[in-house]
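Residues per chain, in single letters:
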Amino acid sequence: LSADELRRYLDEACGDQLELRIKVEQLLSDRTLTFEAQPPEVSALAKGETVSGRFRVLRMLGRGGMGEVYSAEDLELGGVVALKTIRPAQANDGVAMNRFRREIQLSRQVTHPNICRVFDVGRHIPKNSAPIVFLTMEYLDGETLRQFLKNHGPVAPANGAIFAEQIAAGLGALHDKGIVHRDLKPANVMLTKSAGNHQRAVIMDFGLARAFDGDSPAELTRTGFAVGTPGYMSPEQMNGEPPTAANDIYSFGILLLEMVTGKRSVNNAAMLAKSGLPVSWQNCIRACLEHDPQARPRSIAEAVAPLVAAPAPRSSSVP
């Protein structure tokens, strides 16, 4: 089907089933997709296993497209770190490994309380399996914004403004270094406790991040090839155009709308119109979701400004 025919077909076939629509779009965007039966997932690391002679695995935290994430005790320096592996099947994939290295290189350029810190990269050689490449990063004790919304429902605007400012501050630190995240979504924002038992929003996962002030290898990002998560990508990102900070600003608008409504929609404008949100929130989100990237706020600080200036009561408790 042509792009227009496909859009009409999905509108009719999926209706208002947003999760189904997102899944289908993800499958359609995967150009390497095969339909062969896959064996059950087996964890790369076991609880209690010592990795590279230094990190003792405590438990698995999650599994994603690139690999798995565990909490691990640092036996040399003490404390707990997050340990992220790359799947053995992808370890020999040049593109996957370049993205993994880039995640380390880009994230280490930015030191900010609202950006997850990456410490080091290593290689673990188990007794009876292939070598495992891993990185260690800041362990964040909490839950993702996606998990929070699922477990507790939407965040009240007064508290959401605090998270919005923190996420914007983290994005601003990235943009100041010429980096676009390109995959901002609730699953990539961790809500964790900080000093004084206050909630802190931290941006994670730089696997798709890209510097927008220089050239990138052609095998990592190709013109006309959409990279990101359907449903959170800007129109120009969906078209595979070169990345700019405006991509993240658009995703920021979708994230804000989902955060304070607890819902996703295939029609963000309609949801915003009937949301009943304060005018400051509507102005902020509407500006971020402009179809034309030139019509969006010029910076993430400008985007969040309506929420910063709003005279709403402030609280660090959630929701």
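The structure under discussion appears in the preceding block.
Each chain carries its own residue numbering, running from 1 in the written order of its sequence. For this predicted model, a pLDDT threshold of at least 70 governs which residues receive local features, and a threshold of 80 or more governs which side-chain atom pairs are given and counted, while totals over whole chains, interfaces and linings are taken from all residues. With hydrogens and water stripped out, all remaining heavy atoms of the structure feed into the side-chain values.

### Description of the layout of surface pockets
Next up, step 1: Within this scheme a cavity is a closed region of a 1 Å grid, computed over the protein atoms alone, that accommodates a 1.4 Å probe without allowing it to escape, whereas a pocket is open but has protein on both sides within 12 Å along at least five of seven lines; lining residues each have an atom within 4 Å of a point. Grid points are joined across faces, edges and corners, and a volume is the space filled by probe spheres set on the points. Considered as a void within the structure, the second largest pocket measures approximately 180 Å³ in volume.
Next up, step 2: Lining the second largest pocket are Glu236, Glu241, Pro242, Thr244, Ala245, Ala246, Ile249, Pro293, Gln294, Arg296, Pro297 and Arg298.
Next up, step 3: Examining the composition of the lining of the second largest pocket, we find that three residues originate from one element, helix H8 (residues 245-261), more than from any other.
Next up, step 4: Each residue gets one of three labels, nonpolar for Ala, Val, Leu, Ile, Met, Phe, Trp, Tyr, Cys and Pro, charged for Asp, Glu, Lys and Arg, and polar for the others, Gly among them. Tallied by class, the residues present in the lining of the second largest pocket amount to six nonpolar, two polar and four charged. The secondary structure listing takes helices from DSSP runs of H or I that are at least 4 residues long and strands from runs of E that are at least 2 residues long, numbered from the N terminus.

### Things to note about the nonpolar core
Next up, step 1: Counting residues in hydrophobic clusters, the biggest one holds 44 residues, and the most contacted among them are Ile167, Leu171, Val189, Phe252, Leu256, Trp281 and Ile285.
Next up, step 2: Within the residue set of this core, elements represented by two or more residues are helix H5 (145-152), helix H6 (157-176), strand S9 (189-193), strand S10 (199-203), H8, helix H9 (268-273), helix H10 (279-288) and helix H11 (300-309).
Next up, step 3: Here this core gets nine residues from one element, more than from any other, and that element is H8.
Next up, step 4: The contact rule is simple, with two residues in contact once any of their heavy atoms fall within 4.5 Å. What tryptophan 281 contacts, discounting residues up to four positions off in sequence, is Pro157, Gly160, Ala161, Leu256, Met259, Val260 and Leu307. Only buried residues count toward a nonpolar core, which is a set of Ala, Val, Leu, Ile, Met, Phe, Trp, Tyr and Cys residues joined through side-chain atoms within 4.5 Å. Classification of residues uses two cut-offs on accessible area relative to the type maximum, computed with a 1.4 Å probe and protein chains only: under 20% is buried, over 50% is exposed, and between them is partly exposed.

### Quick word on the environment of valine 118
Next up, step 1: Locating valine 118 in the fold gives a position in strand S5 (residues 118-124).
Next up, step 2: Of the residues examined, valine 118 reaches a relative accessible area of 10% and is grouped as buried.
Next up, step 3: Distance in space between the C-alpha atoms of valine 118 and glutamine 105 is 9.0 Å, their sequence separation being 13 residues.
Next up, step 4: If near-sequence neighbours (up to four positions away) are discounted, valine 118 is found in contact with Ile104, Ser107, Arg108, Leu135, Thr136 and Met137.

### A word on H6
Next up, step 1: Here the expected length of a helix is defined as 1.5 Å per residue gap, with one fewer gap than residues. Given a rise of 1.5 Å per residue, 20 residues ought to cover 28 Å, and the 27 Å separating the end C-alpha atoms of H6 matches this to within 8%.
Next up, step 2: Counting buried residues in H6 gives 15 out of 20 residues, a clear majority hidden from the surface.
Next up, step 3: Just downstream of H6, glycine 178 is the residue with a positive phi angle, here 75°.

### Let's talk about the pairing of strand S4 (residues 80-85)
Next up, step 1: When you tally the buried positions in S4, you get five out of six residues, the bulk of the element.
Next up, step 2: Should DSSP find at least two bridges between two strands, the strands are taken to pair. The hairpin turn running from strand S3 (residues 68-74) into S4, its antiparallel successor, is five residues long, and glycine 78 in that turn takes a positive phi close to 85°.
Next up, step 3: The pairing of S4 with strand S6 (residues 132-138) spans five bridges and is classified as antiparallel. Looking across to S6, one finds that threonine 85 is bridged to phenylalanine 134.

### A closer look at the pattern of salt bridges
Next up, step 1: Whenever a carboxyl oxygen of Asp or Glu lies within 4 Å of a side-chain nitrogen of Lys or Arg, that contact is scored as a salt bridge. Following the criterion strictly, the structure yields 12 salt bridges and no others.
Next up, step 2: Residue aspartate 74 is joined to arginine 54 by a salt bridge in which the shortest nitrogen-to-oxygen separation is 2.9 Å. Of this pair, aspartate 74 sits in strand S3 while arginine 54 is found in the loop between strand S1 (50-51) and strand S2 (55-63), placing the two residues 20 residues apart along the sequence.
Next up, step 3: Owing to a relative accessible area of 5%, aspartate 74 belongs among the buried residues under this scheme.
Next up, step 4: Between glutamate 138 and arginine 117 there is a salt bridge, with the nearest N and O atoms lying 3.7 Å from each other. Placement of the pair is glutamate 138 in strand S6 and arginine 117 in the loop between helix H4 (94-107) and S5, with a sequence separation of 21 residues.
Next up, step 5: Relative accessible area serves as the criterion here: at 10%, glutamate 138 is assigned to the buried category.
Next up, step 6: Under the relative-accessibility criterion, arginine 117 is labelled partly exposed at 40%.
Next up, step 7: By sharing partners, the salt bridges in this structure join Asp11, Arg21 and Glu25 into a single network.

### Here we look at the packing of aromatic side chains
Next up, step 1: In this analysis, rings of Phe, Tyr and Trp, with Trp reduced to its six-membered ring, are considered paired at centre separations within 6.5 Å, and the interplanar angle assigns stacked below 30 degrees, edge-to-face beyond 60, and tilted for intermediate values. Scanning all chains against the criterion turns up one aromatic pair.
Next up, step 2: Each ring, one from phenylalanine 55 and one from phenylalanine 134, has its centre 6.1 Å from the other, and the planes form 75°; the classification is edge-to-face. Of the two residues, phenylalanine 55 is situated in strand S2 and phenylalanine 134 in strand S6; the sequence distance between them amounts to 79 residues.
Next up, step 3: By relative accessible area, phenylalanine 134 is classed as buried at 4%.
Next up, step 4: The ring of tyrosine 232 carries arginine 264 above its face, with NZ or CZ at 4.4 Å from the centroid. Placement of a charge over a ring requires the Lys NZ or Arg CZ to be within 6 Å of the ring centre, with the centre-to-atom vector within 35 degrees of the ring normal.

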